[in-house]
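# Working through the structure, step by step
The residues making up each chain are set out below.
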Amino acid sequence: MRTTRRDFLKSMGALGLFTIVPRRVLGGKGFTPPSDQLTKGIIGTGGIGMSSLHFSSDERCRLTTLCDVDANHLKNGVEKGRQMFGETFKTYHDFRDLIHDPNVDIVHIATPPHWHALMAIEAAKAGKDIFCEKPMTRTIGEGQRVVEAVKRYNRIFRLDTWFRFADTFYGLGTTVKPLKKLVDSGLLGWPLKVIVSGNTGFTWKFYWVGKDKLVTEPIPSQLDYDFWLGPAPYKPYNSHRVHQTFRGYWDYDGGGLTDMGQHYLDPVQYILGKDDDFPVKVECDAPQQHWDAVGIWHKITYTYADGCQIVLEGEGFESKGKTPYIEGPKGKLYRGFECTIPDIMNKLNEFPDPEPQRTDFIDCVKTRQKFALNEVNGHHSCTLVNLGTVALRLNRKVLNFDPKTQRFINDDAANALINQPMRGQWTL
């Protein structure tokens with residue numbers, strides 16, 4: 001029986017080692033042998049899945065397959081594929097069919113967050129590598145299960161927020177690399193406080209909130225609403241619950257906090273060297289939240305055991321004056337890399353650069369090496385987001401958290417939100 005490339009990838013994933021035959025041996029310059037080209041399928045073709053960043057094909061990874069429970073979204077994806085690549089993609093209604101398609105190597109999960117864990121775990125079991133949109137999971141417990149599954153089935157996982165390793169970080173006029181170098185140098189002292197404020201652009205999606213008086217509407221014929229809900233509790237259909245505005249409801253996401261939170265918090269976690277740590281306390285200043293619809297909040301503060309803090313500023317801080325991004329006992333840093341320490345750039349030249357990160361996902365899939373932002377550090381930064389949502393939903397001013405057990409201390413209601421029940425057939 002002939003061994004296919006995909007069979008080989010799966011078996012090498014189990015071994016944790018993959019040797020690639022050089023292209024020059026197989027066909028010379030410009031030749032892409034089948035063994036060297038991966039394939040991917042996208043689950044969710046409404047928004048981010050159709051963006052130019054992800055709806056792409058090249059000689060290293062070819063887009064072949066789409067899945068959506070909205071027939072119009074799927075139709076638009078197929079048409080876009082014809083126009084851009086001259087191909088007719090294979091399509092599925094049920095994500096499990098795409099995941100178990102033997103001609104798909106990488107599963108890109110671009111659905112609302114209430115689906116992320118279920119799909120990632122199913123993909124891991126099927127021997128597929130995973131590219132997942134943020135936030136990684138909707139609950140802390142779901143994140144734990146994804147970490148376990150990726151490890152058990154030896155898969156490569158990438159979380160799609162890139163500011164810890166690429167691009168100019170929001171509002172600061174610099175990439176994360178010099179920020180990491182500054183913190184590692186110790187020039188600012190310790191412990192540090194990082195303030196994520198309107199000055200860094202954090203509030204641009206702050207008002208992505210829900211509506212508390214939704215009127216039942218007819219379900220559009222092209223949408224399988226029951227499948228769209230999946231593990232979430234059944235609620236009568238209203239167009240504001242789905243597609244672009246789903247983020248405003250606790251059942252599916254957590255408003256601007258969860259939509260943008262991991263973008264902003266993950267680089268901070270990396271800068272502070274907290275990829276293997278969790279805060280011990282979260283403090284929340286917010287109005288009473290609605291049971292269904294996400295509302296606004298004022299301030300969320302995370303504190304680690306060593307005294308480091310991350311502060312998220314929301315409503316009431318939009319027009320606040322000049323705010324430092326990082327401050328410590330020996331100095332402060334503002335946007336534009338303006339620092340209270342004189343001659344900071346020349347001083348930083350005396351210190352080593354941060355360790356390089358593996359930022360080529362396709363290369364990581366082929367070599368079976370962990371991506372820079374993977375299931376482990378991704379779970380840690382997503383837990384920051386989910387700690388905030390638990391405090392918000394329960395209107396807790398203070399929640400204490402045990403990093404070892406990943407449970408709240410003396411708060412049964414908060415612990416009940418770590419592993420939330422799923423509807424019908426769906427289970428982790």
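The present account deals with the structure reproduced in this document. (Residues numbered from 1 in each chain as written. Predicted model: local features only at pLDDT ≥ 70, side-chain atom pairs only at ≥ 80, totals over all residues. Heavy atoms only, no water.)

## Examining the pattern of salt bridges
- In the structure shown here, the tally under the stated rule is 27 salt bridges.
- A salt bridge links arginine 155 to aspartate 129; the shortest N-O distance between them is 3.4 Å. Remark: aspartate 129 occurs in strand E5 (residues 129-133) and arginine 155 occurs in the loop between helix H6 (140-152) and strand E6 (157-160); sequence separation between them is 26 residues. The pair arginine 155 / aspartate 129 is uniform in exposure class, with both members buried.
- A salt bridge links aspartate 184 to lysine 180, with the nearest nitrogen and oxygen atoms 3.5 Å apart. In this pair, aspartate 184 and lysine 180 are both assigned in helix H7 (residues 176-185), four residues apart and thus about one turn of the helix distant.
- The exposure class assigned to lysine 180 is buried, which follows from its relative accessible area of 10%.
- One salt-bridge network, held together by shared partners, links Lys134, Arg247, Asp253 and Asp259. (Salt bridge = Lys/Arg side-chain N within 4 Å of Asp/Glu carboxyl O. Helix = DSSP H or I, 4+ residues; strand = E, 2+ residues; numbered from the N terminus. Buried < 20%, exposed > 50% of the residue type's maximum accessible area, 1.4 Å probe, protein only.)

## Section: the pairing of strand E1 (residues 38-43)
- The buried fraction of E1 is high, at six of six residues.
- Because side chains alternate across E1, one face comprises the buried residues Leu38, Lys40 and Ile42, and the other comprises Thr39, Gly41 and Ile43, equally buried.
- The pairing of E1 with strand E2 (residues 61-67) spans six bridges and is parallel. Looking at the pairing, leucine 38 lines up with cysteine 61 of E2.
- As paired strands, E1 and strand E4 (residues 106-109) are joined by four bridges and run parallel to one another. Across the sheet, the residue bridging to glycine 41 is valine 107, located in E4. (Pairing = 2+ DSSP bridges.)

## A short note on the pairing of strand E8 (residues 281-285)
- Burial along E8 is one-sided: Val282 and Cys284 are buried, and none of Lys281, Glu283 and Asp285, which face the opposite way, are.
- Sheet topology note: the E8/strand E9 (residues 299-303) ladder contains five bridges and is antiparallel. Among the inter-strand pairings, lysine 281 is bridged to a residue of E9, identified as threonine 303.
- Here E8 runs beside strand E14 (residues 398-402); their pairing, made up of three bridges, is antiparallel. Paired with glutamate 283 across the bridge in E14 is valine 398.

## Focus: unusual backbone geometry
- Residue proline 135 follows lysine 134 across a cis peptide bond; omega there is -10°.
- Position of proline 135 relative to the elements: it lies in the loop between E5 and H6.
- Residue proline 191 is reached from tryptophan 190 by a cis peptide bond, and omega for that bond is 5°.
- Within the fold, proline 191 resides in the loop between H7 and strand E7 (193-196).

## With respect to the nonpolar core
- Counting 111 residues, the largest nonpolar core has Tyr325 and Ile326 as its most contacted members.
- In this structure tyrosine 325 touches Phe169, Leu172, Leu179, Lys193, Val194, Ile195, Val196, Thr200, Val268, Ile271, Leu333 and Tyr334, once residues within four positions along its chain are discounted.
- Formed by eight residues, the second largest nonpolar core is a distinct cluster that contains Leu63, Leu74, Phe89 and Ala110. (Core = buried A, V, L, I, M, F, W, Y, C linked by side-chain atoms within 4.5 Å. Contact = heavy atoms within 4.5 Å.)

## Some thoughts on the environment of histidine 290
- Counting through the fold element by element, histidine 290 comes out in the loop between E8 and E9.
- Of the residues examined, histidine 290 reaches a relative accessible area of 25% and is grouped as partly exposed.
- Once the C-alpha coordinates of histidine 290 and glycine 127 are considered, the two residues, 163 residues apart in sequence, prove to be 40 Å apart.
- Filtering out sequence-adjacent residues up to four positions away, histidine 290 remains in contact with Asp212 and Trp250.
- At a separation of 3.1 Å, a polar atom in the side chain of histidine 290 contacts the main-chain amide nitrogen of alanine 293. (Polar contact = N/O pair within 3.5 Å; in protein donor to acceptor, adjacent residues only side chain to side chain.)

## Describing the layout of surface pockets
- When its volume is computed, the largest pocket comes out at roughly 760 Å³.
- Contributing elements (two or more residues each) for the lining of the largest pocket: helix H8 (225-229) and helix H9 (255-271).
- Tallying contributions element by element places H9 first for the lining of the largest pocket, with three residues.
- The residue inventory of the lining of the largest pocket, partitioned by class, reads 19 nonpolar, 10 polar and seven charged. (1 Å grid on protein atoms, 1.4 Å probe; cavity = no way out; pocket = protein on both sides within 12 Å on 5 of 7 lines; lining within 4 Å. Points joined across faces, edges and corners; volume = space filled by probe spheres on them. Nonpolar A, V, L, I, M, F, W, Y, C, P; charged D, E, K, R; others polar.)

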